[in-house]
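Chain residues, written in single-letter form:
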Amino acid sequence: MDLPSELRAYLEDWKTEYSVAFALLGSYARGDAGPHSDLDILHFVDDDKHEADARSLLIDQGPVAIGRNGNQRALLYPRRLLVVLSTVTPSQVENWLSDPGLALNIIIGLRDGRALWDPKSIFAAIQQRAMEFKWTPALQEKADQLAGKELVGWIEEAHKGLEGLRRNDTGRLLNARFGLSWGLAWVMRLHKGVLATSDNTFFSDVVNAVGPETEWAKLLHRAFGVAVGDEDDSFSLREEVTSGLLLYCETFSFLKEALPGDDFALIEATAARIRRELKCELASSYEDSRGPTS
């Protein structure tokens, strides 16, 4: 691992009487860090008296040459590495391994992690539990309950999207776009139990889990403004939101057998409304394109 030599001194400064381990996660732990990657360090403590938190800081690594000026002299700028230090309590570790929403985002990271200081093998034991982690039926049930709540939560964004299309209102469309892309990708990750390789691969991870050739995957591409295959890679905001609204309906179709009863009626009604309103809009657009008739 190509880590800054100053890191050891920082670790010594961060240690307290409650510290039990430091571990490295993310791109530096995997060995695929780039010049703009940050350093993710977990600081494990031995009790829950300390709040789980995170703070960021910059470590100076000396000047870096970035080219030459008119006199052929190297231009230098200070290179600083962003470090994100997160304090982790024992109860937080237990939550990682029992809460499906947390597990999806941390399990692979723990498996790929590297111990920086682990005198009592605390991190080694946590990592072993991550290696043995299984997506059980009990976790699937919890995940589908969470997915149902998420779909209910994104109903407001679906309504904003429909109203934004009706008014051609950029603000409403921008509000809707997040929930109808990122939000629905997260819903499907919950339903499919997609453990993220990293936060940078969530898109390909969930697309591959559902199937790249499925209508759901194609709509997700368009909701994010990402071209599918040979498509034109230019999408308007209206097209992205329209695709996101259709993605809501397709997500409901995938999950409807697994949705909790309390949430089903709300989600089903929203999907029906989206289909009805988009059908009306398409009909209206067709009439407009024909122009006045004699």
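Scroll up a little and you will see the structure.
Here's a quick rundown of the structure. (Residues numbered from 1 in each chain as written. Predicted model: local features only at pLDDT ≥ 70, side-chain atom pairs only at ≥ 80, totals over all residues. Heavy atoms only, no water.)

With respect to the overall build of the protein
Piece 1. Summing up its helical and strand segments, the protein has 12 helices and 5 strands in all.
Piece 2. For the protein, the residues scored as buried account for 39% of the 294 residues in total.
Piece 3. Relative to all contacts within the protein whose residues are 6 or more apart in sequence, the contacts with residues 24 or more apart total 64%.
Piece 4. Of the roughly 16,300 Å² of accessible surface on the protein, 49% is carried by carbon and sulfur atoms. (Helix = DSSP H or I, 4+ residues; strand = E, 2+ residues; numbered from the N terminus. Buried < 20%, exposed > 50% of the residue type's maximum accessible area, 1.4 Å probe, protein only. Contact = heavy atoms within 4.5 Å. Areas by Shrake-Rupley, 256 points an atom, 1.4 Å probe, with all protein chains shown as cover.)

A word on the pairing of strand β1 (residues 19-25)
The side chains of a regular strand alternate between the sheet's two faces.
Piece 1. Taken across its 7 residues, β1 has 7 buried, putting it largely inside the fold.
Piece 2. Relative to strand β2 (residues 39-45), β1 runs antiparallel, the two being bridged by 6 bridges. Within β2, the residue paired with Ser-19 across the bridge is Val-45. (Pairing = 2+ DSSP bridges.)

Points about the nonpolar core
Nonpolar side chains tend toward joint burial in soluble globular proteins.
Piece 1. Counting residues in hydrophobic clusters, the biggest one holds 38 residues, and the most contacted among them are Leu-151, Leu-180, Leu-220, Leu-245, Tyr-248 and Ile-274.
Piece 2. Elements with a contribution of two residues or more to this core: α6 (137-153), α7 (155-167), α8 (170-192), α9 (202-210), α10 (215-223), α11 (237-255) and α12 (261-290).
Piece 3. By residue number, the principal contributor to this core is α8, which donates 8 residues.
Piece 4. Here Tyr-248 is in contact with Leu-151, Val-152, Trp-154, Ile-155, Leu-180, Leu-184, Ile-267, Thr-270, Ala-271 and Ile-274, once residues within four sequence places are set aside.
Piece 5. Within the second largest apolar cluster, 19 residues are counted, among which are Val-88, Leu-97, Ile-107 and Phe-133. (Core = buried A, V, L, I, M, F, W, Y, C linked by side-chain atoms within 4.5 Å.)

What about α11?
Piece 1. Over its 19 residues, α11 extends 27 Å from the first C-alpha to the last, a length consistent with the 27 Å expected when each residue adds 1.5 Å.
Piece 2. Here α11 has its buried residues at Glu-240, Val-241, Ser-243, Gly-244, Leu-245, Leu-247, Tyr-248, Cys-249, Thr-251, Phe-252 and Leu-255. (Expected span 1.5 Å × (residues − 1).)

So, the packing of aromatic side chains
Piece 1. Scanning the model with the defined rule gives 12 aromatic pairs in all.
Piece 2. Judged by centre distance (6.0 Å) and plane angle (50 degrees), the rings of Phe-22 and Trp-117 are tilted. Here Phe-22 is found in strand β1, whereas its partner Trp-117 is found in strand β5 (residues 114-117), with 95 residues between them in sequence.
Piece 3. On the basis of relative accessibility, which here comes to 0%, the residue Phe-22 falls in the buried class.
Piece 4. Seen in terms of ring centroids, Phe-202 and Phe-224 are 6.0 Å apart; in terms of plane orientation they differ by 65 degrees. Their pairing is edge-to-face. Here the residue Phe-202 occupies a position in helix α9, and Phe-224 occupies one in the loop between α10 and α11, the gap between them amounting to 22 residues.
Piece 5. One aromatic cluster is present, formed by Trp-154, Phe-178, Trp-182, Phe-202, Phe-203 and Phe-224 through successive ring pairs. (Phe/Tyr/Trp six-rings, centres within 6.5 Å; stacked < 30°, edge-to-face > 60°.)

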